[in-house]
Amino acid sequence: MRAAATTGSQPLIEIKNVYKQYGTGIVAVSDMSLSIEDGQFVSFLGPSGCGKSTALRMIAGLSEVSAGSITVNGHAPGSSSGPQDVAFVFQEPTLMPWASVFDNVYLPLRLGGMSRAQAAPRVEEVLAQVGLSKFAKAYPRELSGGMKMRVSIARAIVTKPRLLLMDEPFAALDEMTRFKLNNDVLRLWQEHGLTVIFVTHSVYESVYLSNRVVVMAARPGRVVDDIAIPGSYPRADNFRATREYTESCEIVSDALNQTLGNDDINH
Ligand SMILES: Nc1ncnc2c1ncn2[C@@H]1O[C@H](COP(=O)(O)OP(=O)(O)OP(=O)(O)O)[C@@H](O)[C@H]1O
C-alpha cells in the first residue's frame, strides 16, 4: 500500500482494526485501519458492495462496529463529539416536500432549539453559498435535481460541522451538473475548513476532488490502497487536462481494476 497524504498532525478520525458483520453473516468491512487528518478531502472508491457506505455510516455513528474502534475528534462516533460536528449528505437529497427551501435548511437548527429569527441570517448565508438565495421560498418540487442536492448540502453545512460525510451525492446527476457541484463542494470545503469523506464509484471524480483516495475491494469489504493525489487547490479550470490529473487517474484505475474479480469485469 502506498503512503497516504498525511502531514503528521493529529488525526481527526482514527479507525483501528474495524470489522462489520451484518446479521445476515455478510462481512461488509474487514480489518479497516485508517487515520484521517483535519482538513483532508478523502474519497472512498471501490466496486459495489465493498463496504464504502457501511464505513461511512460507522464513522457517522449510524451503524455500530462489530469489532475494533473508531474515534472522531477523540470521541466515539455519535457520542460526545456532538451532533453538530458531523454532517451527512446522502445520494437522495431527502428533502421535506411540504416545506420551503428555507425551512428544509433551517431544520437541523430548529431541532437544535434555535428560533427561526435567530437562524435566519445563517440559513440565508448558506443558501447564498450554494447559489440558492433566490429560491428560499421555493418548494422542492419546483427545483431541478442539482438544486435539490444544493439544498441538501446547505442543510448539512448550516450547523457548521467539522466533518462532512458524503455518500455518492452526485451519482444520479448529469455530468455538467456534477462538475459544477464538484467545484462547489471544493469551494465549501476550503471556505468552511471542513474535513470531507466522499464515497464514489468514479475514478475521475475521486481524483478531481481529493487529496487522498482510499481504494476498497469487496468480499470481504476492505481497504486495498491509499493513494495521495498531487495537485493544488483551488483546482484550475484545466486541471482535468493536466498530466498530474491523468497520471493520478491511471494509478487509481489500476488499483481499482485489481479489486475487480472476473464476475465484476464480465458485465
Ligand atoms: N443493513 C444491511 N444488512 C445486511 N447487509 C448489508 C446491509 N447494508 C449493507 N449490507 C451488505 O454489506 C456489503 C457492503 O455494503 P455497502 O452498502 O457498505 O457497500 P458499498 O460499497 O457502499 O456498495 P454500493 O457502492 O453498491 O453502495 C454488501 O454486501 C451489502 O449487501
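Residues numbered from 1 in each chain as written. Predicted model: local features only at pLDDT ≥ 70, side-chain atom pairs only at ≥ 80, totals over all residues.

Going by what an unreviewed UniProt entry lists, the chain is known as ABC transporter ATP-binding protein and is assigned to Nitratireductor aquimarinus.

In this model, arginine 219 is joined to proline 220 through a cis peptide bond whose omega is -5°. Here the bond from tyrosine 233 into proline 234 is cis, since omega is -5°, no more than 30 degrees from zero. Counting through the fold element by element, proline 234 comes out in the loop between strand S9 (222–228) and helix H7 (243–257). Of note, asparagine 17 is a non-glycine position whose phi angle comes to about 45°, a positive value. By the element assignment, asparagine 17 lies in strand S1 (residues 11–21). (Helix = DSSP H or I, 4+ residues; strand = E, 2+ residues; numbered from the N terminus.)

Time to look at the site of the ligand. The environment of the ligand is made up of 13 residues, and the closest members are Tyr22, Ala28, Ser48, Ser53 and Thr54. Considering each element in turn, the shell around the ligand owes the most residues, three residues, to helix H1 (residues 52–60). Residue composition of the shell around the ligand, grouped by class: four nonpolar, eight polar and one charged. (Near = placed C-beta within 6 Å. Nonpolar A, V, L, I, M, F, W, Y, C, P; charged D, E, K, R; others polar.)

Now for the pairing of S9. Looking at chain direction, strand S8 (residues 212–217) and S9 are connected through six bridges and run antiparallel. Opposite arginine 212, over in S9, you have alanine 228 as the bridge partner. (Pairing = 2+ DSSP bridges.)

Across the sheet, which stays open at both edges, the six strands sit in the order S5-S6-S7-S3-S8-S9 with mixed pairing between neighbours. If you trace the sheet from one side to the other, it starts and ends with strand S5 (86–89) and S9, each paired once. Averaged over all pairs of adjacent strands, the angle between their axes in this sheet comes to 15°, without regard to strand direction. Across four bridges, strand S3 (residues 41–45) lies against S8 in parallel orientation. Residue pairing in the sheet places leucine 45 in a bridge with valine 215 of S8. (Axes fitted to C-alpha atoms, helices over the stretch in contact; angles between N-to-C directions.)

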